[in-house]
Amino acid sequence: MHPFSSPIESLEDRRLMTTVIKNTDVMILAAGDGTKDNGNDIIVKFSAPAVGTADVSKMRMFGYAYNTLSGGNDKKSINILSASVNGSGQLVLRTDVQVRKGSTLTLSAGAVKDGANADITGSIRTKKGLNRDRFTLALRAFKPNDKSYFGSDKLVGGSSPVTANTAESESVVLAQLTSFLNKKVTRERTITQAQMDAQIANYNSSANKAIVPAHNLRAAICSLVGTIGAPAIDFYFGTANSTGKTPILVTFDGAQISSGATVAEGTYTGSGRFKLIFNPNYAGESFVTLSGRVAHEAMHDDSASNHVDSQDEEVILNFVESVIYAQQIVTDFTYAQSHNAYTLQSNYRLLLALNSGDRQFPRVGIKDAPIKGGVANPGFAFNTPYVGTNATSLDDDVRAEFAARNIIDKPPTDSTETSRLILKNLTGTTYTATTGQFGDALIDDIDIGQDTLGDQFVAQRVSRVLQLKL
């Protein structure tokens, strides 16, 4: 008999009898309303059935996210919340985050055993899962790495908000606008040279100066070119508004603004012309910071005598403002570094938006997202200066603010043609007067369809501009 021929199995037989990991399935978890949970069930299949119990402490899983501060890959652990062996002898793992495609799962000795009471060990990569940018978003909430981008009124260690009430000269603002738009032409390639030239002409126009004498507000309107807020340019410099007439005045004036208007107030004259007055405390804010706000104000339909803003309307318009602000600061990040009060507030609201999004999670949106920790402003104070707890989303924060100002939730409010054009730029959907009403249905539609704060744009650009980390 050959020395290796034995009634006991040969070494080759023993190798073939070893139970190994064959493949995995990644199962999506859904909430009761059909939205996605932040986690997966990983089904691990073996060459022979596993038996008994499974020990999570003997398992390890990780994937690579985008490093929002330095770029490149960032190895991130994926926590396994539970493990069990199902009736088919497969290992079922519940993770605390949606996994990246190609995530590595390692089973060490003692993790799970086969029918012969032998350890099933080894490593395997998942063939399904998220791409790197979406995996990065699944790992959020984002939180400040550099606290100076946020106000000390909300974040311990943040910057003291500066009241910027001194306006820059016309020539200084023109130089800033020219440099800014040139970046959109040459580096971002979001506008053409002809579009830039048209907006410089708009800034220098005598007719436009008569309507918008405040240089930073005039530049703010011009700078909307190349953003979702571009339709607001014709709202202010033309007749593309609900009155069919050019506005009469857009400026800073403490005598013409009511005490309840914290930032800006739109009204209409007896002749039906629109007037927008800003709080003079913001007269020195950059046109970049104010650009989202002028688009925000153009979306209100205050021409109707019975129109009263609703919380839904303010939620949507504040989200649009944050999206535009994000588009602007990736063009020139230095504008986000100002310690002026409205810039710090804009950084904060944008952070909330980046940590929101329910209907297409892990994509960014408006409503509460199933983010880690469940808080959209981790490390921040309560919703000062209004009453509330830590914000769970942009939606939550805006509603808390306006509830404190006695602006209540109410039936859907009408939208303007300008607002519907801006919303189309945001979601790709053509809205009607009915479907474009400001209400919860439109919030859901934006949560589902907005693509401006896209995965790569947020994970690789906006988060880096604001120096946010996971």
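For the structure itself, look to the data block above.
Figured I'd write up the structure that's included with this text.

Parameters and conventions
- Residues numbered from 1 in each chain as written.
- Predicted model: local features only at pLDDT ≥ 70, side-chain atom pairs only at ≥ 80, totals over all residues.
- Heavy atoms only, no water.
- Helix = DSSP H or I, 4+ residues; strand = E, 2+ residues; numbered from the N terminus.
- Expected span 1.5 Å × (residues − 1).
- Buried < 20%, exposed > 50% of the residue type's maximum accessible area, 1.4 Å probe, protein only.
- Contact = heavy atoms within 4.5 Å.
- Pairing = 2+ DSSP bridges.
- Axes fitted to C-alpha atoms, helices over the stretch in contact; angles between N-to-C directions.

Focus on helix H3 (residues 170-188)
Here comes step 1: Spanning 19 residues, H3 covers 25 Å between terminal C-alpha atoms, matching the ideal 27 Å at 1.5 Å per step.
Here comes step 2: Taken as a whole, H3 has its buried residues at Val173, Leu177, Phe180, Leu181, Lys184, Val185 and Glu188.
Here comes step 3: Among the structural elements, helix H4 (193-204), helix H6 (215-222), helix H8 (287-298), helix H9 (311-329) and helix H14 (455-465) are those in contact with the buried residues of H3.
Here comes step 4: Arg189 sits one or two positions beyond H3 and adopts a positive phi of about 55°.

Observations concerning the sheet that holds strand S7 (residues 91-95)
Here comes step 1: Ordered by their spatial adjacency, four strands build an open sheet running S1-S2-S7-S6, and the pairing between neighbours is antiparallel. Every other strand in the sheet has two partners, leaving strand S1 (21-30) and strand S6 (80-85) as the edge strands with one partner each. Taking the axes of each pair of neighbouring strands and ignoring which way they run, one obtains an average angle of 20° across the sheet.
Here comes step 2: Direction of pairing for S1 relative to strand S2 (residues 36-46): antiparallel, over a ladder of eight bridges. Its bridge partner being in S2, Thr24 is matched across the sheet by Val44.

Regarding the sheet that holds strand S5 (residues 73-77)
Here comes step 1: On the basis of which strands lie adjacent, the open sheet formed by four strands has the order S5-S4-S8-S10 and antiparallel pairing. Taken across any chain shown, the strands that pair with only one partner, and hence form the sheet edges, are S5 and strand S10 (122-125). Across the sheet, the axes of successive neighbouring strands diverge by a mean angle of 20°, strand direction being ignored.
Here comes step 2: In this sheet, S5 lies alongside strand S4 (residues 59-66) in antiparallel orientation, the contact comprising five bridges. Bridge pairing in S5 links Ala65 to Asp74.

What about helix H11 (residues 394-404)?
Because each turn of an α-helix spans 3.6 residues, side chains separated by three or four positions in sequence point in the same direction.
Here comes step 1: Burial runs high along H11: eight of the 11 residues are buried.
Here comes step 2: Turning to H11, its buried residues number three or more, namely Leu394, Asp395, Asp397, Val398, Arg399, Ala400, Glu401 and Phe402.
Here comes step 3: Turning to H11, the residues buried within the fold contact H9, helix H10 (341-354) and helix H13 (440-449).
Here comes step 4: Just downstream of H11, Asn406 is the residue with a positive phi angle, here 65°.

Side note on unusual backbone geometry
Here comes step 1: The omega torsion across Phe361 and Pro362 is 15°, close enough to zero to call that bond cis.
Here comes step 2: In this structure, Pro362 sits in the loop between H10 and H11.
Here comes step 3: With a phi close to 55°, Arg189 is a non-glycine residue in the positive phi region.
Here comes step 4: Tracing the chain through its elements places Arg189 in the loop between H3 and H4.
Here comes step 5: Residue class for Arg189 comes out exposed when judged on its relative accessible area of 70%.

Keep in mind these values describe shape, not function.
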